[in-house]
Amino acid sequence: MTVEKPTEQQYQAHLPLSQALLLPRIAIESIRPVLDGGQFAVKAVAGQEVEVACKVFADGHDKLAVRVRWHNEQQDSWASQALEDQGNDGWLGRFTVPEVGRYRFCIEAWIDQFASFCYELEKKHLAGVAVSLELQEGRSHVQQAAERSEGPLREQLLALQRDLSGLLEAEQVALFLSESSARLMAEADHRPYLSLSPEYPLDVERLQAQFASWYELFPRSITDNPARHGTFNDVHSRLPMIHDMGFDVLYFPPIHPIGRSHRKGPNNSLSAGPDDPGSPYAIGSEEGGHEAIHPQLGSREDFRRLLAAAADHGLEIALDFAIQCSQDHPWLKQHPGWFNWRPDGTIKYAENPPKKYQDIVNVDFYAAEAIPSLWLELRDIVIGWVEEGVKTFRVDNPHTKPLPFWQWLIGEVRRQYPEVIFLAEAFTTPAMMARLGKVGYTQSYTYFTWRNTKSELSSYLAELNQPPWRDCFRPNFFVNTPDINPQFLHDSGRPGFLIRAVLATMGSGLWGMYSGFELCESAPVPGKEEYLDSEKYQIRPRDFSAPGNIIAEIAQLNRIRRQNPALHSHLGLKLYNAWNDHILYFGKRSGDNFVLVAVSLDPFNPQEAHFELPLWEMGLADDAQTQGEDLMNGHRWTWYGKTQFMRIEPAQPFGIWRITAT
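Residues numbered from 1 in each chain as written. Predicted model: local features only at pLDDT ≥ 70, side-chain atom pairs only at ≥ 80, totals over all residues. Heavy atoms only, no water.

1. Describing the overall build of the protein chain
Per the secondary structure count, the protein chain includes 19 helices and 28 strands. Viewed in the frame of its principal axes, the protein chain has a C-alpha envelope of about 100 × 65 × 65 Å. With 662 residues in all, the protein chain has 54% of them scored as buried. The contacts of the protein chain with a sequence gap of at least 6 include a subset with a gap of at least 24, amounting to 74%. Averaged over its 62 positive side-chain charges, the protein chain has a centre that lies 2 Å from the centre of its 85 negative ones. (Helix = DSSP H or I, 4+ residues; strand = E, 2+ residues; numbered from the N terminus. Buried < 20%, exposed > 50% of the residue type's maximum accessible area, 1.4 Å probe, protein only. Contact = heavy atoms within 4.5 Å. Lys, Arg positive; Asp, Glu negative; His and termini not counted. Charge placed at Lys NZ, Arg CZ, Asp CG, Glu CD.)

This is the structure:
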């Protein structure tokens with residue numbers, strides 16, 4: 001069989017003249033920030049200045065007017081702001097989103113006839129070319145603008161026309177080119193060949209979506225005796241210290257009743273003694289499920305008092321939303337159709353090879369009896385906790401649940417309570433992690449935990465600052481979790497913990513640590529990135545004043561974060577030259593606030609390097625003087641020139657400096 005090659009004409013779709021005449025004369029392309037053509041909303045926070053860029057062009061040499069328009073979907077009125085011509089058809093501008101909500105924005109462009117006239121007039125006048133006809137044309141522009149205007153604007157334009165008629169040629173040129181004339185004519189512009197881009201969504205959340213410090217603890221371990229189960233009331237004693245360390249989110253693993261069937265014992269053993277507390281992720285017993293509180297933690301009133309006490313200390317309590325169930329969960333009897341059963345009547349427990357979770361079973365989101373009842377039940381559970389005062393949720397393994405479910409649930413919750421924050425505990429493929437951000441997750445755990453070398457960290461930090469990640473993904477740099485005892489910390493001692501704390505606190509506006517990190521706990525299960533005697537399976541009392549702790553350093557790092565706006569986001573991070581592969585050197589800037597960070601990645605040896613001060617970003621010459629301030633101790637000095645030298649010791653394996661022009 002012979003296949004004929006299509007001709008060029010066959011590739012081109014036929015365009016009737018009637019349709020061609022309706023196409024926009026002005027092209028608007030390459031708009032950003034936009035996610036997947038506008039399928040998902042770009043992320044922002046209240047008060048943020050959103051930068052918008054695009055390509056806009058048309059035939060000929062006429063000047064264009066280009067603006068960004070935006071509005072809160074709860075309001076009818078639109079605001080607009082002119083974009084600036086960057087050359088080569090590029091346009092750039094900014095607008096501020098003042099409050100939480102769902103916004104839409106678009107780009108509009110038209111041929112600016114008066115600006116085009118002024119451009120030609122100025123060129124000819126400067127070249128000494130006669131412009132009498134051009135001035136006549138300009139007066140006609142003003143007359144037409146007055147005719148299509150009314151009220152005070154019409155009167156001002158008529159006055160401008162009268163002024164022009166009584167002036168000499170050079171004076172007319174000056175008046176045409178004045179800012180006041182441009183402003184009046186822009187207000188009266190009839191916007192010929194107006195073109196509009198599609199509208200694109202923008203999801204604006206509260207500031208804590210982008211800037212927060214998380215502290216995780218197990219309430220049951222706030223006790224002085226491993227035989228006595230800690231309670232919500234015991235947690236009150238920890239609030240002052242957690243506040244003083246500079247944290248603003250206090251996160252609890254699941255606080256619900258724990259099942260007894262197949263309960264895990266110490267170190268994930270399959271046999272639990274009668275007094276072993278089990279894993280809080282095996283949710284559900286005869287006392288209730290996801291809507292209930294483990295009776296050994298206290299009552300609902302105890303929980304409410306703790307919420308209020310935490311708020312008095314500037315702490316917001318975050319809860320774990322883990323959808324899995326123990327085999328004692330009431331749902332297995334009340335809604336057996338929400339689960340998959342084997343032919344022999346048993347139910348398959350959860351697995352994440354090589355890990356096995358014999359104490360946990362999973363729901364089936366697409367089982368016939370689960371749609372829509374399971375989805376609605378889970379939504380109502382979240383809303384129930386929101387109505388108790390919980391505004392932040394860390395979601396366990398969201399990548400193992402359907403994306404349409406999350407897009408619906410998060411949308412439903414935030415439609416009623418737009419202040420609610422969802423953190424995705426997803427260590428999975430990049431595409432899935434990005435998609436979770438797109439469907440609504442506010443923040444996410446990250447690969448930061450396993451990025452240790454200079455090249456690994458540099459590559460990852462740079463990637464997070466580039467589209468599409470910067471528009472859909474807010475990284476929460478947790479230094480450890482109950483599930484992850486990073487290899488780097490196993491034998492690096494106190495310097496290793498300081499290294500990871502500085503990388504997290506300075507690298508992102510969001511960071512978190514699990515209780516025990518401040519004590520430099522690191523004993524692993526041999527050969528694994530897991531904690532020996534894991535708190536997931538047993539009560540672990542701690543002496544939070546134990547020698548060798550890094551509490552004071554963590555408090556100062558959090559203080560530095562709060563006092564420097566440049567550190568309130570992971571965005572804006574730039575890597576600079578430090579000629580040593582063991583030293584990561586970067587900076588962040590917000591207005592006049594410019595912070596430089598140098599971190600030795602070697603916890604065992606001193607490291608030295610020559611490095612560059614980014615004087616070019618401050619508009620300074622290579623030999624300029626600048627002021628440096630050590631933000632850990634307040635020491636100040638003068639730097640002379642661009643190239644400097646540093647030596648970093650393991651006792652404090654980092655430097656955090658604020659740089660200012662003299």
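2. As for the nonpolar core
With 133 residues, the main nonpolar core has F252, L378, F393, W406, F422 and I656 as its most contacted residues. Residues within four places of F393 in sequence aside, it is in contact with L319, F321, V382, W385, V386, V420, I421, F422 and L423. Residues L121, L135, A145 and L160 belong to the second largest nonpolar core, which totals 19 residues. (Core = buried A, V, L, I, M, F, W, Y, C linked by side-chain atoms within 4.5 Å.)

3. A short note on unusual backbone geometry
Cis geometry marks the peptide bond from I371 to P372; its omega dihedral reads 0 degrees. Along the polypeptide, P372 turns up in the loop between β15 (355-361) and α12 (373-387).

4. Here we look at the side chain of E316
With respect to the helices and strands, E316 occurs in strand β13 (residues 316-321). Polar side-chain contacts of E316 include one of 2.7 Å to the side chain of R206. Look past the residues within four positions of E316 in its chain and what remains in contact with it is R206, D248, V249, L250, K391 and T392. (Polar contact = N/O pair within 3.5 Å; in protein donor to acceptor, adjacent residues only side chain to side chain.)

5. Side note on the UniProt feature "site: Transition state stabilizer" (unreviewed entry) in the protein chain
UniProt marks D483 with the feature "site: Transition state stabilizer" (unreviewed entry), using the numbering shown here. Ignoring any residue separated from it by four or fewer positions in sequence, one finds D483 in contact with E425, E529, E530 and K536. (UniProt positions renumbered as here; feature names shortened; annotations may be inferred.)

6. Overview of the domain arrangement of the protein chain
With domains assigned, the protein chain is organised as domain 1 (20-112 + 193-204), domain 2 (114-188), domain 3 (206-320 + 375-567) and domain 4 (573-661). One C-alpha centre belongs to domain 3, the other to domain 4; they are set 32 Å apart. Around 2,300 Å² of area is buried between domain 3 and domain 4 when both sides are counted, 71% of it from carbon and sulfur atoms. The three residues of domain 3 that bury the most area against domain 4 are K454, I499 and A566, which together make up 26% of that side's buried surface. At the junction of domain 3 and domain 4, the tally comes to zero salt bridges. Counting across the domain 3 and domain 4 interface gives ten residue pairs in polar contact (both at pLDDT 80 or more). Contributions of two or more residues to the side of domain 3 that touches domain 4 are made by α15 (454-464), α18 (493-507) and α19 (551-563). If one sorts the elements of the side of domain 3 that touches domain 4 by residue count, α18 sits on top with nine residues. Looking at the side of domain 3 that touches domain 4 residue by residue, the class counts come to 15 nonpolar, ten polar and four charged. (Domains from an automatic or database assignment. Buried area = accessible area lost by both parts, 1.4 Å probe. Salt bridge = Lys/Arg side-chain N within 4 Å of Asp/Glu carboxyl O. Nonpolar A, V, L, I, M, F, W, Y, C, P; charged D, E, K, R; others polar.)

7. Points about the sheet that holds strand β28 (residues 654-661)
Strands sit in the order β21-β22-β23-β28-β25-β26 across an open sheet of six strands; the sheet is antiparallel. Edge positions in the sheet fall to β21 (574-575) and β26 (636-640), since each has one partner strand and no second. With five bridges joining them, strand β25 (residues 625-630) and β26 adopt antiparallel strand pairing. By the bridge assignment, E629 is partnered in β26 with R636. Of the strands in this sheet, β22 (583-590), β23 (593-600) and β28 are in contact with α18, which crosses β23 at around 155 degrees. (Pairing = 2+ DSSP bridges. Axes fitted to C-alpha atoms, helices over the stretch in contact; angles between N-to-C directions.)

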